[in-house]
Amino acid sequence: RSVNTKIVIIGCGISGISAAHRLVKAGFNDVRILEATSRSGGRIKTGRLGNKIVEIGANWIHGPCEENPVFCLARQYRLLDPEALTPENQAMDIGGHPPWTPNFFGSSGGKLNAEDIYPAQQMFLELLNESSEFQGQKGEPWSCVGDFIRSEVQQRAEEQWKDIDATSRSLRLCVISNMLKVECCVNGAHSMDEVSLGAFGLYKTLPGNDCTFPGGYEGLIKNLMSELPSGLVTYNRPVRCVHWNNTEERGNPVMVECDDGERIAADHVICTVPLGYLRKHHSTLFHPPLPLHKLCSVQRLGFGTNNKIFVEFDAPWWDADCEIIYLVWEDEDAMVDEVPDVQRSWIKKLFGFTVLKPTERYGHVLCGWIAGHESEYMETLSEQEVTQAVTQLVRRFTGNPTVTPKRVFRSQWFHDPWTCGSYTHPGKGCSEQDLDNMMEPLPSKGSQSQPLQVLFAGEATHPCYFSTVHGAVLTGWREADRLISHYSSVRPFELRKS
Ligand code: 6YU
């Protein structure tokens, strides 16, 4: 079925591509994507560290199972290792926490004994699971996950750890600080004090043990793009303003104004810009402005920063079977996930490293993880300054003053002008309603104007898979389906003539 309806998609990330795919397949033949940068993929971005493939953005397929569209597409395009395809891998229910083999290092230099760490990790994981159970209850008396965890650890430590010595107890509290920093990365939040306890349970996990793309996540983008008509995407074409309820252009309710002055008339616009960009530019991006309830949700939902620092070594200083390295600061028993002086001690926010596997493919490459304002400050430093800080850090924690990285490379998502951060989390005061408001098209229900002028897709608009690639794919399909079903329910004479 071919419908000569003009549809403009803003943004060529996975959600924009998914929407275009679905619409073109359904017979819409006037679909175009306007992309601000010179590439497709957005936050799916594969780069290189020397001759090794590294993911600058999305890393894993979270929950690779039949219900996960990214897993199904990756399988269809033959982009996965055989291990990821096994029924055992798909059936594993890891609840968002892959069972990686850890190594723990302490700030006084050297490995820590895992047995000394596990009780604290165990307690933290229990509390995280409990944090999800406040869904819809506002979380009272705690407003945020950070406060809940701190107060419960204090109470439970009194009961459960009363017989251990002060040093061991202090170490366990330092481990809690480390785990809070891990969660800041997982949630893309500055601090767990900014993540709503009442809405934490909105995020849902899928079964399956997280897997990666051996040839790079961008392989998924390449395959999807090859199935779209050529010329459908216009690159280097940032959109400046979406004029909706537009009365100037006869017949077309929306006019899209680009940075270079080009004006494009459309019947429908699907906006997929990241929440970080939307928060910063909503006042100029929409005319008339976004309705107040939508704007409040844009502000209430959280969008922080999570960055990676890749570090290559000539030889490993971790165990052969180690998959994740935690760096525990032994002076942090106050259960903190923010550093007091960002400029001097930003590196303390880096919780540790994941080990790139398999070693035959990557050599000895670690991926450091750092979230929050500390991460945003790190972005302003030169690569040399970052290298120096990481070198000092590794020397301190290994107790080896000669260990030296061979290469260092970091991401800078906060200063990316088209992303302005990493991904969405439920901010303080946020509820299910905010995600509903995010996905609500313009004009709002009940308006007399032409419906579905501006639709919203992108990870921040998925009610339970926000912050993920599969969430983004599903939102692109959802908005395409909204238009497809709209046009299958309108009578032929109502369809726009070409
Ligand atoms: C996942 C993972 N992963 C790490 C890091 C990052 C992200 N994610 P896009 O931004 O892609 O596209 C928008 C386009 O719009 C873009 O091209 C812009 O240039 C363009 N644009 C902007 N303004 C414009 C304008 N004015 N005009 C024209 N164009 C414009 N997801 O599944 N696995 O391992 C990770 C990770 C460092 C930065 C991730 C991961 C998130 C995904 O990358 C992201 O959701 C999608 O790619 C977004 O696609 P899109 O199309 O929406 O936007 C409670 C609780 C919660 C717990 N949450 C935990 C979940 C775990 C999340 N984990 C993520 C972790 C990592 C490591």
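These numbers come from a predicted model, not from an experiment.

**What about the overall build of the protein?**
- The helix and strand tally for the protein stands at 16 helices and 19 strands.
- Against the globule reference of 23 Å for 498 residues, the protein gives a C-alpha radius of gyration of 24 Å, in line with a compact fold.
- Along the longest, intermediate and shortest principal axes, the C-alpha atoms of the protein span 80 × 50 × 45 Å.
- Burial statistics for the protein: of 498 residues in total, 58% are counted as buried.
- In the protein, 75% of the contacts between residues at least 6 apart in sequence involve partners at least 24 apart.
- When the accessible surface of the protein is summed, it comes to about 21100 Å², and 49% of that surface belongs to carbon and sulfur atoms.

**A short note on the site of the ligand**
- Around the ligand, a shell composed of 43 residues is seen, among which Ser-15, Glu-35, Arg-43, Trp-60 and Val-469 lie nearest.
- For the ligand, a nitrogen atom lies 3.2 Å from a polar atom in the backbone of Ala-36.
- Considered on its own, the ligand offers 1300 Å² of accessible surface; in the complex 97% of this is hidden by protein.
- Of all the secondary-structure elements, those providing two or more residues to the shell around the ligand are helix H1 (14–25), helix H7 (166–187) and helix H16 (469–489).

**Section: H1**
- Look at H1: 16 Å from first C-alpha to last across 12 residues, which is about the 16 Å you get at 1.5 Å a residue.
- Of all 12 residues that make up H1, nine are buried, and the element is covered over most of its length.
- Taken residue by residue, H1 has Ile-14, Ser-15, Gly-16, Ile-17, Ser-18, Ala-19, Ala-20, His-21 and Leu-23 as its buried positions.
- Buried positions along H1 lie against strand S1 (7–10), strand S2 (31–34), helix H8 (218–226), strand S10 (268–271) and H16.
- Two residues or fewer past H1, Gly-27 is found with a positive phi of approximately 105°.

**With respect to the pattern of salt bridges**
- This structure, assessed with the given rule, holds 27 salt bridges.
- Linked through salt bridges whose partners overlap, the residues forming this network are Lys-52, Glu-312, Asp-314, Lys-406 and Arg-407.

**Notes on the sheet that holds S1**
- Pairing within the open sheet is parallel, and its five strands lie in the order S6-S2-S1-S10-S19. The open sheet terminates on both sides in strands that have one partner only, identified here as strand S6 (233–234) and strand S19 (454–456).
- Bridge analysis of S10 against S19 gives three bridges, and the strand direction is parallel. Its bridge partner lying in S19, Cys-271 is registered against Phe-456.
- Each of S1, S10 and S19 touches H16; the most contacted strand, S19, lies at about 140° to it.

**What about the pairing of strand S8 (residues 254–258)?**
- Counting buried positions along S8 yields five of five residues, so the element is predominantly enclosed.
- Where burial is concerned, the two faces of S8 agree: the one with Val-254, Val-256 and Cys-258 and the one with Met-255 and Glu-257 are both buried.
- Sheet topology note: the strand S7 (residues 239–243)/S8 ladder contains four bridges and is antiparallel. Across the sheet, residue Val-239 finds its bridge partner in S8, namely Cys-258.
- Between S8 and strand S9 (residues 263–266), which pair antiparallel and follow one another directly, the connecting turn spans four residues, one of which, Gly-261, has a positive phi of 95°.

**A closer look at the nonpolar core**
- Membership of the largest hydrophobic core comes to 46 residues, with the highest contact counts inside it found for Ile-149, Val-153 and Ile-176.
- Elements with a contribution of two residues or more to this core: helix H5 (114–131), helix H6 (145–160), H7, strand S14 (324–328) and strand S16 (365–371).
- Of the residues forming this core, the biggest block, 10 residues, is contributed by H7.
- Excluding anything up to four places from it in sequence, Ile-176 contacts Ala-120, Phe-124, Ile-149, Val-153 and Met-335.
- Within the second largest apolar cluster, 44 residues are counted, among which are Ile-61, Tyr-77, Val-473 and Leu-483.

**Side note on the confidence of the model for the protein**
- In the predicted model, the protein carries a mean pLDDT of 95, and the fraction of residues at 70 or more is 97%.
- Overall fold confidence for the complex sits at a pTM of 0.96, while the interface term, ipTM, reaches 0.97.

**Regarding H7**
- Between its terminal C-alpha atoms H7 stretches 32 Å, which fits the 32 Å expected from 22 residues at 1.5 Å a residue.
- Among the 22 residues that make up H7, 17 are buried, leaving the element largely enclosed by the rest of the structure.
- In this structure Asp-165 caps H7, since a side-chain oxygen of it lies 3.1 Å from the backbone nitrogen of Thr-167.
- Once H7 ends, the next one or two residues include Gly-188, with phi positive near 60°.

**Concerning the packing of H5 against H7**
- At a minimum axis separation of 9 Å, H5 and H7 run at an interaxial angle of 45°. The angle between H5 and H7 places the two elements in the oblique class. As H5 runs across H7, the sense of the crossing is right-handed. Contacts between H5 and H7 pair Asp-116, Ile-117, Pro-119, Ala-120, Gln-121, Phe-124 and Leu-128 from the former with Leu-171, Arg-172, Val-175, Ile-176, Met-179, Leu-180 and Glu-183 from the latter.
- Partitioned by chemical class, the residues of the contact of H5 with H7 number 10 nonpolar, one polar and three charged.

Calculation criteria
Residues numbered from 1 in each chain as written. Predicted model: local features only at pLDDT ≥ 70, side-chain atom pairs only at ≥ 80, totals over all residues. Heavy atoms only, no water. Helix = DSSP H or I, 4+ residues; strand = E, 2+ residues; numbered from the N terminus. Rg over C-alpha atoms; globule rule 2.2 N^0.38 Å. Buried < 20%, exposed > 50% of the residue type's maximum accessible area, 1.4 Å probe, protein only. Contact = heavy atoms within 4.5 Å. Areas by Shrake-Rupley, 256 points an atom, 1.4 Å probe, with all protein chains shown as cover. Near = heavy atom within 4 Å. Polar contact = N/O pair within 3.5 Å; in protein donor to acceptor, adjacent residues only side chain to side chain. Expected span 1.5 Å × (residues − 1). Salt bridge = Lys/Arg side-chain N within 4 Å of Asp/Glu carboxyl O. Pairing = 2+ DSSP bridges. Axes fitted to C-alpha atoms, helices over the stretch in contact; angles between N-to-C directions. Core = buried A, V, L, I, M, F, W, Y, C linked by side-chain atoms within 4.5 Å. pLDDT = per-residue confidence, 0-100. Parallel < 35°, antiparallel > 145°, perpendicular 65-115°, else oblique. Left-handed = near helix turned anticlockwise from the far one by under 90°. Nonpolar A, V, L, I, M, F, W, Y, C, P; charged D, E, K, R; others polar.

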